[in-house]
Amino acid sequence: MGKTEQQKENKRAAGKKFKRTLIGGQALLEGVMMRGATSVAMAVRAPDGEIELSSERIKKRSKVAKVPIVRGIVSFVSSLVVGMRSLLKSAEVSSPEEETPSKTSTAFAVIFGVVLALGLFIGVPLFVGWAIEKWGDYHNVAVISVVEGGTRLVIFIAYLALVRLMPDIKRTFMYHGAEHRTINCFERGLPLTVENVQSCSVKHNRCGTTFLFFVVVFTILVYALANWVFTLFTGYEWLFGNVFFKLLIRLALLPVIAGLSFELLKGLAALPDNKFTDILRAPGLALQMLSTAKPTDDMAEVAIAAFTAVLELDANPEKGTVEFYERDFATERKKLADRLPDDPQNADWIYCEILGKTRAELGGVRVVKTGHVKRANEYAERLLTGEPLDYILGNTDFCGVKIKVDKRVLIPRFETEVLATEAVGFVKDRAGARVLDMCTGSGCLAAYIARNADAEVVAADIDDGALAVAKTNFERLGVTLVKSDMFENIDGEFDLIVTNPPYVRTFEIDGLAPQVTAQPRIALDGGEDGLHFYRIIADNAGAHLKRGGAIMAEVGYDQAADVCALFGKIGKCRIIKDLDGKDRIVVCEK
């Protein structure tokens, strides 16, 4: 299928969908509101450049609201209410530093605006016609009606032309153009991309500007009919000739005029393109040159966001709505996972930390604040540069407990959990046992033993940074912290000495993964053969170990036999495998 044929097919498919999905819109302050069959969505560009979205479900209209002409009145009033509320909400996002007006002042402003509009578009033309009759002594109903209508049309066009000169209004008209282009793009069957949207027209057959033009036209016709009817009641000039009575009649007829204009607008939009419909649509489309302007790409992005939200809500009644500065969590969770293809589950760990949830609880989260999304993306950016996730989060899970970690200490590994459980198993039945955690680092081993055994625990390390971190993990645990170069400052004997010393061979460190090399070299470097610290332990541990006591040491995957040989001078050794079946823990009992 060629490109042209494919576009035609897309348009036919969109036409079928369009019959079911009639979406209209409105420009907001730095944003766009889209309204579908069951939902409304607003997208606004915030000062920080992010697109903020708000959506809500709308109530089903009653059967009365579906009656021709009546539905136009209902639609007009509803659009006025929703539009004004949307404008105010968009102002809160686009200009958060400005004071939000109170409900009372807002209501007053709306009432004042309506009165001003009625004065301009109803009162002034009526006064012009009345003046011709009163002072010009001219009573031709047709001419006076045309003069009134012409005055009304001139005021309408002049108003659009003048407000267009204001920079803020001009930007709103640009968003109006973005709204039209997005709807046109959808109705043409094109994918909603910025490029496709920007290729579409800024004019649209269902535009509110065209609606207002039809209101002006029907005003001329209906008011002319009313003027003619008044002339039939001879002898009642005192009433029907009164300018205030005429004003009241005109106001009373406005809902009917709005209903008729709505029906014409909807009917013309549904008709196929031909010379006849083109002629009828032409004046309204021409006026849209004043109320719309070519949008920028970022404005098109905003309109697409609002339109897409309405499409999704209308298509899925179960989909939840969001408020400004909120995001759909399932969507953001997937986006973050897609940014981390090497280990997508890190997206869950990031959100667990930010939201204070367990991984199992994430499934119940429906919305997430945009501040949390921004923070999660910042974490992902750091993760992509090679910074370990545990450093980014500031903690890691060790044997089901959160341990604080940062770049000053080695991140505990799952293999070390095997050492921790073996150590607790060794001393749990020895009341008052003394335990030494040599090369404590973050203090994860000492903290776990202190929590799970009735033992006096001493933790030692040479590095001040590591000792500072370990101290935060020992709060209310009663662990004694000692700064010591291996056994230099260690006194007394112990029932158990546990240790996870540096054991990576010096020449191998630089070839390790970035997440490993980002950790302190002092906690990794075990010397040329990786056994430097095991030799020190073998030479000194015996003097600090009670008879019947034991040394438990984590070792590299290929070091167990060598460490057993070194510890042989202290006592009998055995080897414990980790969860991957690798020799990982050497136990030497004195």
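Reading the values: the criteria
Residues numbered from 1 in each chain as written. Predicted model: local features only at pLDDT ≥ 70, side-chain atom pairs only at ≥ 80, totals over all residues. Heavy atoms only, no water. Phe/Tyr/Trp six-rings, centres within 6.5 Å; stacked < 30°, edge-to-face > 60°. Helix = DSSP H or I, 4+ residues; strand = E, 2+ residues; numbered from the N terminus. Buried < 20%, exposed > 50% of the residue type's maximum accessible area, 1.4 Å probe, protein only. Lys NZ or Arg CZ within 6 Å of the ring centre and 35° of its normal. Pairing = 2+ DSSP bridges. Right-handed = clockwise from strand over helix to strand, strands pointing away. pLDDT = per-residue confidence, 0-100. Contact = heavy atoms within 4.5 Å. Axes fitted to C-alpha atoms, helices over the stretch in contact; angles between N-to-C directions. Parallel < 35°, antiparallel > 145°, perpendicular 65-115°, else oblique. Left-handed = near helix turned anticlockwise from the far one by under 90°. Nonpolar A, V, L, I, M, F, W, Y, C, P; charged D, E, K, R; others polar. Polar contact = N/O pair within 3.5 Å; in protein donor to acceptor, adjacent residues only side chain to side chain. Patch = residues over 30% accessible without salt bridge, like charges linked within 9 Å, V, L, I, M, F, W, Y side chains within 5 Å. Areas by Shrake-Rupley, 256 points an atom, 1.4 Å probe, with all protein chains shown as cover. Salt bridge = Lys/Arg side-chain N within 4 Å of Asp/Glu carboxyl O.

Student: What is the right way to look at the packing of aromatic side chains in this model?
Tutor: What describes a pair of aromatic rings is the distance from one ring centre to the other and the angle between the planes of the rings. Taken as a whole and assessed by the stated rule, the structure comprises 4 aromatic pairs. Summarising the aromatic geometry, the rings of Phe186 and Phe307 are spaced 5.0 Å apart at their centres and angled 55° between planes, so their arrangement reads as tilted. Of the two residues, Phe186 sits in helix 5 (residues 167-187) while Phe307 sits in helix 11 (residues 297-315), which places them 121 residues apart along the sequence. Taken together, a centroid distance of 6.1 Å and an interplanar angle of 50° make the contact between Phe213 and Phe214 tilted. Per residue, the accessibility class of Phe213 equals that of Phe214, and both read buried. Stacked on the ring of Trp349, the Lys or Arg Arg359 has its end atom at 5.0 Å from the ring centre. The ring centre of Tyr557 lies 5.9 Å from the NZ or CZ of Lys582, which sits over that ring.

Student: Got a minute to help me understand the pairing of strand 9 (residues 433-438) in this structure?
Tutor: In terms of burial, strand 9 is a largely internal element, 6 of the 6 residues being buried. Residues Ala433, Val435 and Asp437 line one face of strand 9 and the alternating positions Arg434, Leu436 and Met438 line the opposite face, and both faces are buried. As defined by bridge partners, strand 9 adjoins strand 10 (residues 455-461) across 6 bridges and the pair is classed as parallel. From the neighbouring strand, Ala433 faces strand 10, where its bridge partner is Ala455. Handedness of the crossover joining strand 9 and strand 10 through helix 17 (residues 444-452): right-handed.

Student: What am I meant to see in the confidence of the model for the protein chain here?
Tutor: Predicted coordinates in regions of low pLDDT should not be interpreted in detail. Mean pLDDT over the protein chain stands at 86; residues scoring 70 or higher make up 88%. Scored below 50 in pLDDT, residues 13-20 shows 7 contacts in the model against residues more than four places distant or in partner chains.

Student: Help me understand the environment of Gly31 in this model?
Tutor: Residue position: Gly31 is located in strand 2 (residues 31-35). Taking relative accessible area as the criterion, Gly31 reaches 0% and is therefore assigned buried. A sequence separation of 13 residues divides Gly31 from Val44, and the C-alpha atoms of the two residues are 4.0 Å apart. Ignoring any residue separated from it by four or fewer positions in sequence, one finds Gly31 in contact with Ala43, Val44, Tyr175 and Val302.

Student: Any chance you could explain the packing of helix 20 (residues 532-540) against helix 21 (residues 560-567) here in plain terms?
Tutor: Two numbers describe a pair of packed helices, the interaxial angle and the distance between the axes. Their axes nearest at 9 Å, the elements helix 20 and helix 21 cross at an angle of 25°. Considered as vectors, helix 20 and helix 21 are oriented roughly parallel to each other. In this structure, the crossing between helix 20 and helix 21 has a hand that is right-handed. Touching Tyr534, Arg535, Ile537 and Ala538 of helix 20 are Val563, Leu566 and Phe567, all from helix 21. When the residues that make up the contact of helix 20 with helix 21 are grouped by side-chain class, the tally is 6 nonpolar, no polar and 1 charged.

Student: Teacher, can you tell me more about the pairing of strand 15 (residues 583-589) here?
Tutor: Look at any regular strand and the pattern is simple: side chains alternate between the two faces of the sheet. Burial analysis of strand 15 places 5 of its 7 residues in the buried class, which makes it a mostly covered element. Where strand 13 (residues 545-554) and strand 15 come together, 5 bridges link them in antiparallel fashion. Following the sheet pairing, Ile551 is matched in strand 15 by Cys588.

Student: What's the story with the side chain of Ser90 in this structure? I'm lost.
Tutor: On the secondary structure map, Ser90 appears in helix 2 (residues 70-94). Residue classification places Ser90 among the buried residues on the basis of a relative accessible area of 0%. Only 3.3 Å separates the side chain of Ser90 from the backbone nitrogen of Leu29, close enough to count as a polar contact. Other than its neighbours up to four places away in sequence, Ser90 contacts Leu28, Leu29 and Val44.

Student: Is there a simple way to think about a nonpolar patch on the surface in this case?
Tutor: Taken together, the side chains of Phe76, Val77, Leu80 and Val81 define a hydrophobic patch exposed on the protein surface, amounting to about 350 Å² of accessible area. The exposure class of Phe76 is partly exposed, given its relative accessible area of 37%.

Student: Could you clarify how one ought to interpret the environment of Ala37 in this entry?
Tutor: Assignment of secondary structure puts Ala37 in the loop between strand 2 and strand 3 (39-45). According to the relative accessible area criterion, Ala37 is exposed, its value standing at 55%. Taking C-alpha positions, Ala37 is 8.2 Å from Ile58, a pair spaced 21 residues apart along the chain. If we ignore the near neighbours within four places in the chain, the residues touching Ala37 are Leu22, Ile58 and Asp314.

Student: Sorry if this is basic, but what is going on with the sheet that holds strand 1 (residues 24-28) here?
Tutor: The pairing of strands in a sheet happens through backbone hydrogen bonds and is either parallel or antiparallel. The antiparallel open sheet is built from 4 strands, whose spatial order is 1-2-3-4. Of all strands in the sheet, those with a lone pairing partner are strand 1 and strand 4 (51-57), marking the two edges. Each strand of the sheet is rotated relative to its neighbour by a mean of 15°, with strand direction disregarded. In this sheet, strand 2 lies alongside strand 1 in antiparallel orientation, the contact comprising 5 bridges. Bridging across to strand 2, Ala27 finds its partner in Val32. Sitting on the sheet, helix 5 touches strand 1, strand 2 and strand 3, and the angle it makes with strand 1 is about 160°. Across the face of the sheet, helix 11 comes into contact with strand 2, strand 3 and strand 4 while running at roughly 155° to strand 3.

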